[in-house]
Amino acid sequence: MYGCVQQTGFAVQRCTAPYTMNTILQPHSGGKETNMNFNQTNKPVIIGVDHGYGNIKTAHTCFRTGATAYDKEPTFKSDLLIYDGRYYIIGDEHKEFTADKMNDSDFYILTLAAVARELHIRGVYDAEVFLAAGLPLTWVSEQKDRFKAYLLQNRETSFSFRGKSYHVTFADAEVFPQGFSAVADRLREFKGVNMLCDIGNGTMNIMYINNGKPVASRCFTEKYGTQQCMIAVREKLMQRFGAAVDDTVIENVLRFGEADIGGQYLDAIRETATEYVSGIMRRLREHEYNPELMKLYVMGGGSCLIKNFAEYDPERVTINGDICATAKGYETLASQRLSKNGGVV
C-alpha cells in the first residue's frame, strides 16, 4: 500500500518509493539488492511473489491486489488478463482480508499477473518458472503445503496479459515465512535482541531475532494491518465532517504525511494515523518490546506510518521502506535452496 525509505541502525540498502498500483522497479546493481535471478538464461526463472492483501509485490513490480472477473471482454482493459475463457481486470481494488488465501481463485490469477510482469521485464514469454512465495509467520506450518498445491494447481498453463501471450511451465514452488525472508541473508547484522515488525495491509507479523538467530517460539501474527488504519480514517472523516474522502487522498497522507486538501481534513487524518501507530506500539509492548533492551526493525508497506507518525529513537529503530523486500527475499532463499541441490528442482 505504501512505500518509503529510511536508513537507521542496521545497514539497509537503497529502497525504492513511492509505489503506485502499477509500479515497475527497474533492475539495478550494487549492494545486496542486486537480483541474481535477472539473467533471463537461468532455468528455471525464479520469481518471488509477495501475496499481500493490499498489493502484490515481485522483485521489480507492485500492483493492487484486485482481480475482477468478467464473462465478456470489458470496455476498459489496460490491465486485462485472459485465462481459461474468462477476463480479469487486475489491480482495480484491494482484496478483503481472509485468513485462508486459497478459498477462491483470486490469488492464483494474481500470481499469473505477477509472473507475466516479471517475464515481460525480461522480454521472455515462454518460460519455466520456479515460484517463491510466502505466508504470515504463524500460518506457514499449517498452510504451507496447501498453498504450494494451490500455486501449482496447473503445472503448465497459457494465458495473456496486457495483450501479450504467455506460456508458463511451473517447475516447482516453495513457501517461506513473510518478513523474515527479507532479512534472512543478513542475519549476522542482528546482534543482541531484536524485534522484527512487518506491517502489511491485512496483518502485522512480529518475530524476535536474537544474535542473528530467529526465535521460533516468539513469532506472532496480528490482524492489525494498514487497512485497519484506512477504516478508522474513513470513520473519523464521516463522523466529523460527514464527508467521504477518496482513498487516494488518505493514502497520500499516510505515505507522505501531506496532501493538497483542507487543513481540517489533513489534521483529522494525521490524528487518526497517530492513534493507529500508537496501537501498533501498544501491541509491540504486549509482546514485550522494550526500546531500552532491544532494537526494532520495521518493514512492509505500513513502515511509512511509523516513519511519519511515531516517536522513536533512530539509533534504536530501523525502517526499511522497500515494499518489494520480502519478494526479493523469497527469490534469494529459493536461489540458495536450488544451489544446494545443484540447481535441480
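Procedures and definitions
Residues numbered from 1 in each chain as written. Predicted model: local features only at pLDDT ≥ 70, side-chain atom pairs only at ≥ 80, totals over all residues. Heavy atoms only, no water. pLDDT = per-residue confidence, 0-100. Contact = heavy atoms within 4.5 Å. Buried < 20%, exposed > 50% of the residue type's maximum accessible area, 1.4 Å probe, protein only. Helix = DSSP H or I, 4+ residues; strand = E, 2+ residues; numbered from the N terminus. Pairing = 2+ DSSP bridges. Axes fitted to C-alpha atoms, helices over the stretch in contact; angles between N-to-C directions. Arc of directions from axis to C-beta. Phe/Tyr/Trp six-rings, centres within 6.5 Å; stacked < 30°, edge-to-face > 60°. Lys NZ or Arg CZ within 6 Å of the ring centre and 35° of its normal. Core = buried A, V, L, I, M, F, W, Y, C linked by side-chain atoms within 4.5 Å.

**Considering the confidence of the model for the protein**
- Summing up the model confidence of the protein, the mean pLDDT is 88 and the portion of residues at 70 or higher is 87%.
- Here residues 3-36 is a poorly scored stretch, pLDDT under 50, and it has 108 contacts once near neighbours within four places are set aside; other chains count.

**Some remarks on the pairing of strand S8 (residues 86-90)**
- In terms of residue burial, S8 counts as a mostly covered element, since four of its five residues are buried.
- Across four bridges, strand S6 (residues 67-70) lies against S8 in antiparallel orientation. Within the sheet, the bridge partner assigned to Thr 68 lies in S8 and is Ile 89.
- Across four bridges, strand S7 (residues 80-83) lies against S8 in antiparallel orientation. Bridge pairing in S8 places Tyr 83 opposite Arg 86.

**Thoughts on the sheet that holds strand S2 (residues 45-48)**
- Pairing is mixed across the open sheet formed by seven strands, whose spatial order is S2-S9-S11-S10-S7-S8-S6. For this open sheet the edge positions go to S2 and S6, each flanked by a neighbour on one side alone. Going across the sheet, the axis of each strand differs from the next one's by a mean of 35°, ignoring polarity.

**What about helix H2 (residues 140-151)?**
- Of the residues making up H2, those classed as buried are Val 140, Gln 143, Phe 147, Tyr 150 and Leu 151. With its buried residues spanning 95° around the axis, H2 presents them on a single face. Structural note: H2 exposes Ser 141 and Asp 145 on the side pointing more than 90 degrees away from its buried face.

**Structural notes on the packing of aromatic side chains**
- All chains considered together, the criterion is met by ten aromatic pairs.
- Judged by centre distance (6.4 Å) and plane angle (85°), the ring pair of Tyr 108 and Tyr 150 falls under edge-to-face. Of this pair, Tyr 108 sits in helix H1 (residues 106-122) while Tyr 150 sits in helix H2, and the two are 42 residues apart along the sequence.
- Given a relative accessible area of 2%, Tyr 108 falls into the buried group.
- Ring-pair connections join several aromatic residues into one group, and the members of that group are Tyr 83, Tyr 108, Phe 147 and Tyr 150.
- The ring centre of Tyr 53 lies 5.0 Å from the NZ or CZ of Lys 101, which sits over that ring.
- Seen from the ring of Phe 107, Lys 101 lies directly overhead, with NZ or CZ sitting 5.4 Å from the centre.

**Some points on the nonpolar core**
- Counting 41 residues, the largest nonpolar core has Leu 81, Ile 90, Leu 119, Val 129, Phe 159 and Phe 170 as the members making the most contacts within it.
- Elements with a minimum of two residues in this core: S2, S7, S8, H1, strand S9 (126-135), H2, strand S10 (156-161) and strand S11 (164-177).
- Sort the elements by how many residues they give to this core and H1 lands first, with ten residues.
- With sequence-adjacent residues up to four places away left out, Phe 159 is seen in contact with Leu 81, Ile 82, Tyr 83, Leu 112, Ala 116, Lys 164, Ser 165, Tyr 166 and Val 168.

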